[in-house]
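Observations on chain architecture
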Amino acid sequence: MDEETLFIVSQTFKALSDPTRLRILHLLFQGEHSVNEIVERLSLLQSTVSHQLRFLKNLRLVKFRKEGTTVFYSCDDEHVKSILKQSIDHANHH
């Protein structure tokens, strides 16, 4: 594994190790949401959500689109959904 891949993989696991980021990803796994919807649904501060979304976006775990002044976020691709689903399934496996 080359150094760049190693770094990206380690940062992805770092992203998935944070409960707040996991909550955001789980919500986005269910569909696209605006920043305000994420704030309301997860009872988080807007600054917290914005910070975590920036972190996730930089790792290409989420993508966004703008509609007027509203920014909507969603999971970037099926890989993200697969990683999250497999982790949840593993945690629930007895």
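Up top is the structure.
Quick look at the structure, then. Residue positions are counted from 1 within each chain, in the order its sequence is given. Given that this is a predicted model, residues contribute local features only at a pLDDT of at least 70 and side-chain atom pairs are listed and counted only at 80 or more, while totals for whole chains, interfaces and linings are drawn from all residues. Water and hydrogen atoms play no part in the side-chain values, which are based on all heavy atoms of the structure.

Lines are fitted to the C-alpha atoms to define the axes, a helix being fitted only along its stretch in contact, and any angle between axes, read from their N-to-C directions, falls within 0 to 180 degrees. Comment: elements are numbered from the N terminus, with helices defined as DSSP H or I runs of at least four residues and strands as E runs of at least two. One way to put it is that helix α2 (residues 19-29) packs onto helix α3 (residues 35-42) with a least axis distance of 11 Å and a crossing angle of 115 degrees. One way to sum up the angle between α2 and α3 is to call them roughly perpendicular. The way α2 lies across α3 gives a crossing that is right-handed. Residues R23, I24, L27 and L28 of α2 lie in contact with α3, whose contacting residues are I38, R41 and L42. Taken together, the residues that form the contact of α2 with α3 break down as five nonpolar, no polar and two charged. Our angle categories are set so that under 35 degrees counts as roughly parallel, over 145 as roughly antiparallel, 65 to 115 as roughly perpendicular, and the remainder as oblique. Crossings are sorted by hand: turned counterclockwise from the far helix by less than a right angle, the near helix makes the crossing left-handed, and turned clockwise it makes it right-handed. Any two residues whose heavy atoms approach within 4.5 Å are treated as being in contact. Ten residues, namely Ala, Val, Leu, Ile, Met, Phe, Trp, Tyr, Cys and Pro, are considered nonpolar, four, namely Asp, Glu, Lys and Arg, are considered charged, and the remaining ones, Gly among them, are considered polar.

Grouping buried Ala, Val, Leu, Ile, Met, Phe, Trp, Tyr and Cys residues that are joined through side-chain atoms within 4.5 Å yields what is termed a nonpolar core. Buried, partly exposed and exposed residues are distinguished by accessible area as a fraction of the type maximum, computed with a 1.4 Å probe on protein chains only: under 20%, between the cut-offs, and over 50%, respectively. Counting residues in each nonpolar core, the largest one holds 23 residues, and the members touching the most others are L28, I38 and L53. Counting only elements with at least two residues in this core, the list comes to α1 (3-16), α2, α3, α4 (46-58), β3 (70-75) and α5 (78-92). Not counting the four nearest positions on each side in its chain, L28 is found in contact with H33, I38, L53, V62, Y73, S74 and C75.

To continue, consider the sheet that holds strand β1 (residues 33-34). Two strands make a pair as long as DSSP finds a minimum of two bridges between them. Spatially, β1-β3-β2 is the arrangement adopted by the three strands of the open sheet, whose pairing is antiparallel. The open sheet terminates on both sides in strands that have one partner only, identified here as β1 and β2 (62-67). As paired strands, β1 and β3 are joined by two bridges and run antiparallel to one another. By the bridge assignment for β3, S34 is matched with F72. Contacting β1, β2 and β3, α2 crosses the sheet at an angle of about 90 degrees to β3.

In this section: the packing of α2 against α5. Between α2 and α5, whose axes approach to 11 Å, the crossing angle comes to 115 degrees. Relative to α5, α2 is oriented roughly perpendicular. Handedness of the crossing formed by α2 with α5: left-handed. Between α2 and α5, the contacting residues are L22, L25, H26 and F29 on the first element and V80, K81, L84, K85 and I88 on the second. Looking at the contact of α2 with α5 residue by residue, the class counts come to six nonpolar, one polar and two charged.

What a helix should span is 1.5 Å times the count of its residues minus one. Taking 1.5 Å of rise per residue, the 13 residues of α4 would be expected to cover 18 Å, and the 18 Å separating its terminal C-alpha atoms lies within 8% of that figure. Structurally, α4 contributes buried residues whose contacts are with α1, α2, α3, β2 and β3. Just beyond α4, the residue with positive phi is R60, at close to 60 degrees.

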